[in-house]
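Coordinates in review
So the chains spell out like this:
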Amino acid sequence: MGIEQGGSDEGVPEHLQPPVGDAPLIPDTGRHDYTPPADPLPAADLLPVGPASTGYENSGVIADPELAALVVQGGEALGYDRLNRLLRLNEPFNQPHTTVAPDGTETTDPHYGHKHFLPRAIAYAQTCERVGMTDEEGALLLESALLAGDSARVAGSNRVTGSLAAALRPTAERGEHLTEEDTDGLLIVMAATSRHRMLMPSLHMIAAANRAGLGVAGASELIAQFMPGGTRREVELITEAMNVLDIADANPELIGHVFSGLINSQAHERYKGYELVKDALAYGGPAAGLTSNQILERIAEARSQGLSYPAAVNHATGGFDKDALTDPERAAVLPHTPPEQYFINRNDSPLAHAVLPYRTVRSFEAGIQDIHRLTFARGDLDERVAAGGWIFDPATSTWYSLGGETRQTGEHSIETTQLPYDVSRLSNNPLFISIHPAEYAPAQPERPGHMVPSPKELHRLAGMCEQAGSARAVRAFISHHRGITEIIHYPDAGVIRDLADDIEDVVQTAYGVVFGSWYMGRTMGPEIGEKETARRMFIAINAALDGAAELKLHPHGAAFSPMPSPRFFRPS
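Residues numbered from 1 in each chain as written. Predicted model: local features only at pLDDT ≥ 70, side-chain atom pairs only at ≥ 80, totals over all residues. Heavy atoms only, no water.

1. Things to note about the overall build of the chain
In plain terms, the rule: Strands are runs of DSSP state E lasting at least two residues, helices are runs of H or I lasting at least four, and both sets are numbered from the N terminus onward. The rule is simple: take the accessible area with a 1.4 Å probe, protein chains only, and divide by the maximum for that residue type; under 20% is buried, over 50% is exposed, in between is partly exposed. Here the open area of atoms and residues is found with the Shrake-Rupley method and a 1.4 Å probe, where only the protein chains shown may cover a residue.
When helices and strands are tallied, the chain shows 22 helices and twelve strands. A buried classification covers 54% of the 572 residues belonging to the chain. When the accessible surface of the chain is split by element, carbon and sulfur atoms take 50% of a total near 25000 Å².

2. Looking at the pairing of strand E11 (residues 484-489)
Our working rule: The pairing criterion for strands is at least two bridges between them, as found by DSSP.
The element E11 is extensively covered by neighbouring structure, given that six of its six residues are classed as buried. The side-chain alternation of E11 yields two buried faces, one formed by Ile484, Glu486 and Ile488 and the other by Thr485, Ile487 and His489. Between strand E10 (residues 475-479) and E11, which follow one another and run antiparallel, lie four residues. Looking at chain direction, E11 and strand E12 (residues 549-554) are connected through six bridges and run antiparallel. Within the sheet, the bridge partner assigned to isoleucine 488 lies in E12 and is glutamate 550.

3. Thoughts on the packing of helix H20 (residues 493-515) against helix H22 (residues 530-545)
Definition in use: Where helices are involved, their axes are fitted lines through C-alpha atoms of the stretch in contact, as for all axes, and angles between N-to-C directions lie from 0 to 180°. Here the word oblique covers every angle except those under 35 degrees (roughly parallel), over 145 (roughly antiparallel) and from 65 to 115 (roughly perpendicular). Rotating anticlockwise by less than a right angle from the far helix to the near helix defines a left-handed crossing, while the corresponding clockwise rotation defines a right-handed one. A contact between two residues is defined here by any heavy atoms of the two lying within 4.5 Å. Residue polarity is assigned by list, with Asp, Glu, Lys and Arg as charged and Ala, Val, Leu, Ile, Met, Phe, Trp, Tyr, Cys and Pro as nonpolar; anything else, Gly included, falls into the polar class.
For the pair H20 and H22, interaxial distance at closest approach is 8 Å and the crossing angle is 125°. The pairing of H20 with H22 is recorded here as oblique in orientation. Taken as a pair, H20 and H22 cross one another with a handedness that is right-handed. Seen from H20, the contacting residues are Leu499, Val506, Val507, Thr509, Ala510, Tyr511, Val513, Val514 and Phe515; seen from H22, they are Thr533, Arg536, Met537, Ala540, Ile541, Ala544 and Leu545. Along the lines of polarity and charge, the residues of the contact of H20 with H22 split into 13 nonpolar, two polar and one charged.

4. Brief notes about the pattern of salt bridges
As a reminder of what qualifies: Salt bridges are defined as contacts in which a side-chain nitrogen from Lys or Arg sits within 4 Å of a carboxyl oxygen from Asp or Glu.
Inspection of every chain in the model, using the stated rule, returns 25 salt bridges. When the shortest N-O distance is used, the salt bridge between arginine 233 and glutamate 240 registers 3.7 Å. Judged by its relative accessible area of 40%, arginine 233 is partly exposed. In this structure, aspartate 279 engages lysine 278 in a salt bridge whose closest nitrogen and oxygen atoms are separated by 2.8 Å. In terms of burial, aspartate 279 and lysine 278 fall into one category: buried. Residues participating in the shared-partner salt-bridge network are Arg233, Glu236, Glu240, Lys278, Asp279, Lys322, Glu405 and Arg407.

5. Re the nonpolar core
For the record, the criterion: Here, nonpolar core means buried Ala, Val, Leu, Ile, Met, Phe, Trp, Tyr and Cys residues that are tied together by side-chain atoms lying within 4.5 Å of each other.
Within the largest apolar cluster, 148 residues are counted, with the highest numbers of intra-cluster contacts made by Met242, Leu245, Ile255, Phe259, Ile299 and Ile541. Among the elements that make up this core, the one with the highest residue count is H20 (eleven residues). Those residues in contact with isoleucine 299 that lie beyond four places of it in its chain are Val258, Val277, Tyr309, Ala312, Val313 and Ala316.

6. Some points on the environment of aspartate 422
Quick reminder of the rule: We call two N or O atoms a polar contact when they sit within 3.5 Å, provided that within protein one can donate a hydrogen and the other can accept it, with sequence-adjacent residues counted only if both atoms are side-chain atoms.
Looking at the secondary structure, you find aspartate 422 in the loop between strand E8 (413-417) and strand E9 (431-435). Apart from the residues within four sequence positions on either side, aspartate 422 is in contact with Gln467, Ala468 and Gly469. Engagement of the side chain of aspartate 422 in a polar contact is seen with the side chain of serine 424, the distance being 2.5 Å.

7. Side note on helix H19 (residues 455-467)
We apply this condition: For a helix, the expected span equals 1.5 Å multiplied by the number of residues minus one.
Taking 1.5 Å as the rise per residue, H19 with 13 residues should run 18 Å; its terminal C-alpha atoms sit 18 Å apart, in good agreement. Across the 13 residues of H19, ten count as buried, placing the element largely inside the fold. By the burial criterion, the buried members of H19 are Glu457, Leu458, His459, Arg460, Leu461, Ala462, Gly463, Met464, Cys465 and Gln467. On its buried side, H19 packs onto strand E5 (389-393), E8, E9, E10, E11 and H20.

8. Concerning the packing of aromatic side chains
Rule in force here: Put simply, two rings from Phe, Tyr or Trp (the six-membered ring, in Trp's case) pair if the centres are within 6.5 Å, and we call them stacked under 30 degrees between planes, edge-to-face over 60, tilted for the rest. Geometrically, a charge over a ring is one whose NZ (Lys) or CZ (Arg) sits within 6 Å of the ring centre while staying within 35 degrees of the ring normal.
This structure, assessed with the given rule, holds nine aromatic pairs. Aromatic pair tyrosine 342 and phenylalanine 343: ring centres 4.8 Å apart, planes at 85°, arrangement edge-to-face. Residue tyrosine 342 is classed as buried on the basis of its relative accessible area, which comes to 6%. Here phenylalanine 364 and tryptophan 399 contribute two aromatic rings whose centre-to-centre distance is 6.2 Å and whose plane-to-plane angle is 10°, an arrangement assigned as stacked. In this pair, phenylalanine 364 is assigned in helix H18 (residues 364-375) and tryptophan 399 in strand E6 (residues 398-401), connecting sequence segments 35 residues apart. Note on phenylalanine 364: relative accessible area 5%, which makes it buried. A network of ring pairs unites the aromatic residues Tyr342, Phe343, Tyr400 and Tyr421 as a single cluster. In this arrangement the basic side chain of arginine 303 is found over the ring face of tyrosine 309, its NZ or CZ atom lying 4.0 Å from the centre.

Written out as C-alpha cells, the structure is:
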C-alpha cells in the first residue's frame, strides 16, 4: 500500500502537481466526450519508435537491446502513438540506476525506469483487452491515473499502473467485461481521490471489493459515499474487510448494504465498526460455523432493529473472543464445525493467500510449487504478501488452508493471526507448511533468523499437538527465500515448547560458532555468500540443539517425500 508523504511538492513535475482549488482534475462529463487534461509534455516523441523500428537494436535507433525489445512489445500491445505518450509521462520516473559488481565495477542503466514501467503497461493493456475495453478507453484510464497528482508521492508510475490493472483483474478472471458505469466510476474516483492523495489506497480498495464481488462500479460507489471527507485510514479499513470476503461468495447487495451503513454512521462508531465486522467475518463466522452471508444478514437484521454495530456484531456471532480463538499462548476455543463445512471448497484451485479457511485437492508437488510462488509474492506488483499456513493430507492430496491475517510488525518481522483447527480431523499424517515471505527477508546473508522457526511458530506447533483430539505427529515445514526448512522434532507439546524457549539462544550460539562475532559476521557473510552461510548455520544450529530436534534445509523444487519422517527425536 502506498505511503502518504507530507511536506511540499518541491521537485514534483508540474504536470503531476495536485490541482489548485476545488476544481476536479477529471470532470464528470461521461466517457464519450472526455479528453485527458492538458499537460506540458514535449511535442516531440521521447524515443523515435514506430512500426519501421523493428530492428533498431541493430540499426542503432535504440542502442539498449533490452529496452528495444520492450518497445517492440509495447508498440504491439499499445500502439506506437500511445506508447510514446506513456513513455513521456513516465520520463520523470525514469531515474538512472547503478549496480556494483562483486569486483567493484559500477554499471549505470539510464533507462532503468522505462524498463520497469513498460512490462506493467503491457500487462495493463492485456488486462484491458480481457475486460473488453478499447485501446482508447484503456489509454484514457491509465493516462488519467498517471496525471492524477498522486503517483509521484507514492511509488511512481509502476505502482499506479500495476494497481490500476489489479483493480480490473478480478473482472477479467470472472470472464466479464467492464461496463460504461464501471469506467465512469473509475474516472470519478480518480478525480475525487487524487486531490487528497488517496488514489493508490482507493485503487487497492477497488481491487479488494471487486474480488469480493461488488465489481468496479459497486466499489467506486462506496468510495464516492465518503469522499471528499473520508480518510486514508478509512479506505484501508474497508480494504482489510473486503479482503476477508474474496473467496466467500457473499451476496454483493448484502455487502454493499452493510458497508454503506458503516460509511454513513457516526465517526466514533464507524471506525471501530469496520474492524468489528472484519473480525466477525474472519474469525467469529468460521468459529461458529456460519458463512459470511449469514454473518452479514444477521448484522443487517440487528441494525434494522436499531442496535449499534458492536451489539449487531455480537448478535451475529453469538459473541466471540478473538484473542481466545487465535492466541497460540492461550487455551484456544476450537471450531467444532466438520471440515467439509468449515473449509470453503475450492475444488482443485491453486493455493492462494486468503483470510477465510478453505480446502483444495492438489498433489503435494503442485502445492509445493504454489507455496514457492506465494513465498516470493511481491507487494510492489500488487500481489498479496502473507505468511499463510496449510495442513496437507497425503492420503487424499487435500490442502487445508488455515487462513488468517498477516501484519508487518518490524522491518523484517511479521505477525500471523489464525484460527486453530483439530489436525487429527484433517489427516492421520498431517504436514504443516507455513511461509516466511521473501519480501520480509533481511538483505544481510549472515542473518539466519528468516530460515528458522520463531518461538511463536513453535508454540503454535505445540498447540496443534495439544489441541488434537487424538495424537498426531505433525511434520512441520517453513518456506522462505533460501529454501524449505523441515523441523524434525519429537511430537510432544512440552518438548516443542522447550524448543521454543531455547531457539533464539540456539541461533545465537550457532552464530558465534560460525562467525565468532557480530562484526566478523558482517564481514564474512557477504564474502562466503548466502547459500554457504545457510549451510554452515544449519550445521551449527543442529549441533547446538544437541539431539533435542533437527532443522533440515530442502532447496526449493526438491522432491522430498510427503510421507511422515522415519524418525523423531526423543527427549534426552
